Amino acid sequence: MKTKLRIAGLLTAFSFIIYGLMRGEAGVVLNKAVNICLECIGLG
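Residues numbered from 1 in each chain as written. Predicted model: local features only at pLDDT ≥ 70, side-chain atom pairs only at ≥ 80, totals over all residues. Heavy atoms only, no water.

1. Quick notes on the overall build of the protein
The number of helices and strands found in the protein is two helices and zero strands. The principal-axis extent of the C-alpha atoms belonging to the protein is close to 50 × 25 × 5 Å. Surface summary for the protein: the accessible area is close to 4200 Å², and the carbon and sulfur share equals 71%. (Helix = DSSP H or I, 4+ residues; strand = E, 2+ residues; numbered from the N terminus. Areas by Shrake-Rupley, 256 points an atom, 1.4 Å probe, with all protein chains shown as cover.)

2. Let's talk about helix α2 (residues 25–41)
Within an α-helix, residues lying three or four positions from one another point in the same direction, as the helix has 3.6 residues per turn. In this model α2 runs 24 Å from its N-terminal to its C-terminal C-alpha over 17 residues, within 8% of the 24 Å that 1.5 Å per residue would give. Count one or two residues on from α2 and you reach G42, which has phi positive near 85°. (Expected span 1.5 Å × (residues − 1).)

This is the structure we're talking about:
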């Protein structure tokens with residue numbers, strides 16, 4: 001039973017990752033991460 005739940009969770013996570021990549025969300029997340037890092041470290 002645990003194995004089936006783990007596989008279902010992994011498949012769900014993988015499908016959401018693929019969906020986000022198809023929508024172009026990786027660029028949005030990267031842009032936000034860069035902005036946060038620049039604000040916290042004070043490089044910008």
